[in-house]
Amino acid sequence: MTKNISVLGSTGSIGVQTLDVAKMHGIKVSALTANRSIDLLEKQAREFEPEMVAVLDHDSAKRLKIALSDTSIAVYSGEEGIKEAARCAQADTAVNAIVGVAGLMPTLEAIASGKNLALANKETLVAGGKVVREAINKTGIKLYPVDSEHSAIFQCLQGCPENSLKKVILTASGGAFFGRTKEQLRNVALKDALKHPNWSMGQKITIDSATMMNKGLEVIEASWLFGVPDEQIDVLIHRESIIHSMIQLKDNSVIAQLGVPDMRIPIQYALTYPERLESPVKELDLSEIASLSFAKPDYDTFECLAVCRKALRLGGLYPTVANAANEAAVALFMQGRIGFLQIPEYVGNAVAQFSGSSDDFGLEDILNADKETRAKILDM
Ligand code: NAD
Ligand code: MG
């Protein structure tokens, strides 16, 4: 079981819940990081007394350094500072709860310094799955999924012999706009896209859920985590978010993991594996829920999901490009500069226009493809 963690992205939705779990089970916290919001970071630092904190924004880091000058906590800044926190010597596990591809370099840093990884930051695997796998193979660290669907699959796989897996079945809530037609999506507002039916999460992933890009990213994430190709990954709409995902074995037996939607279960399992400890999460009462529903996803309306599957089949840098285009498009949508349906349009066009089919690529190529794709969209 994990004894000492660094929490990268500690001020976000996953970060805060990770600290909850750490507090409950007496897991020491050695490093905390944030983008720029330092008030919460300062509060967390005073409560958890880590060795170090890091803030991406240099000015905010300076202010935090002054605020924490009565403590012995070291304050680092910039991308280098976040990497410093990722390799923090005291931690045995890095929890990566950063949003977006910004989490890739800290992930690689944590792996290179021999830490196990509890990974919420799915964009790390989507954009850089190949180099992350190569780095893990070199160091032999353990990778524990935090994303609820992938944690569910990981939980279902416990005790199954290797090679017994036939397919994984990722469940999807369908997001804020399930059942709508394209026409009905044309003029949806940001505030509507930010209303998730079951989960309270950061803004980017909530919008990704509304476009179903989130499920597309998760298909690619599942492929890297469990070594399954696109054809062996089903997506099933399940509005209630009670079944967090399932596996189907070679004998057609299906195993599912259920629970009330609360990220503290998958976060805790990633930190306490293989132990099952007490949790503040509510018990699941299926008689109260009464019925669970299922449906096929609508690939025509929610094109991001189809584009991600295509990118996965094409391989190489295509998933990197799909992810970068989405990050840029979501940023523009949040600034009110483009409409909701332009998100899938930009992602689709970026993948259609990209040509770089080679499987022989490395970290530099990933970072370049990410940067170029983003720049094209943001400069439009
Ligand atoms: P969030 O926006 O609430 O928090 C993001 C955190 O990352 C914050 O601490 C922020 O300060 C930091 N951050 C933002 N940009 C950064 C940058 N450029 N460099 C360094 N740090 C930066 O996001 P979240 O909802 O907690 O999601 C975090 C990750 O976990 C995402 O990849 C998301 O897809 C994944 N995830 C989240 C949930 C959930 O319930 N929130 C569930 C499954 C997976
Ligand atoms: Mg998920």
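Residues numbered from 1 in each chain as written. Chains lettered and ligands numbered in written order. Predicted model: local features only at pLDDT ≥ 70, side-chain atom pairs only at ≥ 80, totals over all residues. Heavy atoms only, no water.

With the rule as written, the count across this model stands at eight aromatic pairs. For the pair Tyr-269 and Tyr-273, a centre-to-centre distance of 5.6 Å together with 90° between the ring planes defines the contact as edge-to-face. By way of ring pairs, the aromatic residues Tyr-144, Phe-154, Tyr-269 and Tyr-273 are connected into one cluster. A cation sits over an aromatic face here: Lys-130 above Phe-361, 4.6 Å from the ring centre. (Phe/Tyr/Trp six-rings, centres within 6.5 Å; stacked < 30°, edge-to-face > 60°. Lys NZ or Arg CZ within 6 Å of the ring centre and 35° of its normal.)

Glancing now at the pattern of salt bridges. The tally for this structure, following the rule as stated, stands at 26 salt bridges. In this structure, the salt-bridge partner of Glu-218 is Lys-122, at a minimum N-O distance of 2.9 Å. Taken together, the positions of Glu-218 in helix α11 (residues 213–226) and Lys-122 in helix α6 (residues 122–139) put the pair 96 residues apart, joining distant regions of the chain. Residue classification places Glu-218 among the buried residues on the basis of a relative accessible area of 1%. Look at Lys-122 and you get buried, because its relative accessible area is 4%. Lys-204 is the salt-bridge partner of Asp-208, the closest N and O atoms lying 2.8 Å from each other. Taken as a pair, Asp-208 and Lys-204 lie in helix α10 (residues 203–211) at a separation of four residues, close to a single helical turn. Lys-204 carries the same exposure label as Asp-208, and that label is buried. Bridged by salt links that share partners, the residues Lys-122, Asp-147, Glu-149, Lys-215 and Glu-218 form one connected network. (Salt bridge = Lys/Arg side-chain N within 4 Å of Asp/Glu carboxyl O. Helix = DSSP H or I, 4+ residues; strand = E, 2+ residues; numbered from the N terminus. Buried < 20%, exposed > 50% of the residue type's maximum accessible area, 1.4 Å probe, protein only.)

This next bit is on the sheet that holds strand β6 (residues 116–119). Strand order in the open sheet formed by seven strands is β4-β3-β2-β1-β5-β6-β7, with parallel pairing between adjacent strands. This sheet does not close on itself; its edge strands, each paired only once, are β4 (74–77) and β7 (143–145). Between one strand and the next, the sheet's axes are offset by a mean angle of 20°, whatever the strand orientation. In the sheet, strand β1 (residues 4–8) pairs with strand β2 (residues 28–34) via four bridges, with the strands oriented parallel. Bridged to Ile-5 within β2 is Val-29. (Pairing = 2+ DSSP bridges. Axes fitted to C-alpha atoms, helices over the stretch in contact; angles between N-to-C directions.)

The subject of this paragraph is the packing of helix α7 (residues 148–157) against α11. Close contact between α7 and α11 brings their axes to 10 Å; oriented N to C, the two are set at 35°. As for the relative orientation of α7 and α11, their crossing is right-handed in sense. On the side of α7, the interface is formed by Glu-149, His-150, Ile-153, Phe-154 and Leu-157, while α11 contributes Lys-215, Glu-218, Glu-221, Ala-222, Leu-225 and Phe-226. Considering only residue class, the contact of α7 with α11 consists of six nonpolar, one polar and four charged. (Left-handed = near helix turned anticlockwise from the far one by under 90°. Contact = heavy atoms within 4.5 Å. Nonpolar A, V, L, I, M, F, W, Y, C, P; charged D, E, K, R; others polar.)

A few words now on the environment of Lys-83. Mapped onto the fold, Lys-83 is located in helix α4 (residues 78–86). Along the primary structure Lys-83 and Thr-33 are separated by 50 residues, whereas in three dimensions their C-alpha atoms are 9.7 Å apart. With residues near it in sequence (within four places) discarded, Lys-83 still touches Met-105 and Glu-109.

A few words on the site of ligand 1. Inspection of the region around ligand 1 gives 23 residues, with Thr-11, Ser-13, Asn-35, Glu-123 and Gly-202 positioned closest. Between ligand 1 and Gly-9 there is a distance of 3.2 Å, counted from an oxygen atom to a backbone nitrogen or oxygen. A distance of 2.9 Å separates an oxygen atom of ligand 1 from a polar backbone atom of Ile-14. With the chains in place, 88% of the 830 Å² that ligand 1 exposes on its own is no longer accessible. (Near = heavy atom within 4 Å. Polar contact = N/O pair within 3.5 Å; in protein donor to acceptor, adjacent residues only side chain to side chain. Areas by Shrake-Rupley, 256 points an atom, 1.4 Å probe, with all protein chains shown as cover.)

Now for the coordination of the magnesium ion (ligand 2). The protein atoms that coordinate the magnesium ion (ligand 2) are Asp-147 (OD), Glu-149 (OE) and Glu-218 (OE), at distances spanning 2.1 to 2.2 Å. Mapped onto the polypeptide sequence, the residues donating to the magnesium ion (ligand 2) form the spacing pattern D-x1-E-x68-E. Residue Asp-147 is located in the loop between β7 and α7, and its partner Glu-218 is located in helix α11; the two are separated by 71 residues in the primary sequence. Each member of the pair, Asp-147 as well as Glu-218, carries the same accessibility label: buried. (Donors = N, O, S within 2.8 Å, 3.2 Å for Na, K, Ca; no water.)

Let's shift gears to the side chain of Glu-149. With respect to the secondary-structure elements, Glu-149 resides in helix α7. Here Glu-149 is in contact with Leu-170, Thr-171, Lys-215, Glu-218, His-244 and Ser-245, once residues within four sequence places are set aside.

In terms of domains, the protein is made up of domain 1 (4–145) and domain 2 (150–378). A C-alpha centroid distance of 23 Å is found between domain 1 and domain 2. Taken together, the contact between domain 1 and domain 2 spans 32 residues of the former and 40 residues of the latter. Taken over both partners, the interface formed by domain 1 and domain 2 buries close to 3,000 Å², and the fraction arising from carbon and sulfur atoms is 72%. Sorting the residues of domain 1 by area buried against domain 2 places Lys-122, Val-126 and Pro-145 first, and these three jointly supply 23% of that buried surface. Counting across the domain 1 and domain 2 interface gives three salt bridges. At the boundary of domain 1 with domain 2, the tally comes to ten residue pairs in polar contact (both at pLDDT 80 or more). Elements with a minimum of two residues in the side of domain 1 that touches domain 2: α1 (13–25), β5 (93–96), α5 (104–112), α6 and β7. If you tally residues by element for the side of domain 1 that touches domain 2, the top one is α6, at ten residues. Grouping the amino acids of the side of domain 1 that touches domain 2 by side-chain chemistry returns 19 nonpolar, eight polar and five charged. (Domains from an automatic or database assignment. Buried area = accessible area lost by both parts, 1.4 Å probe.)

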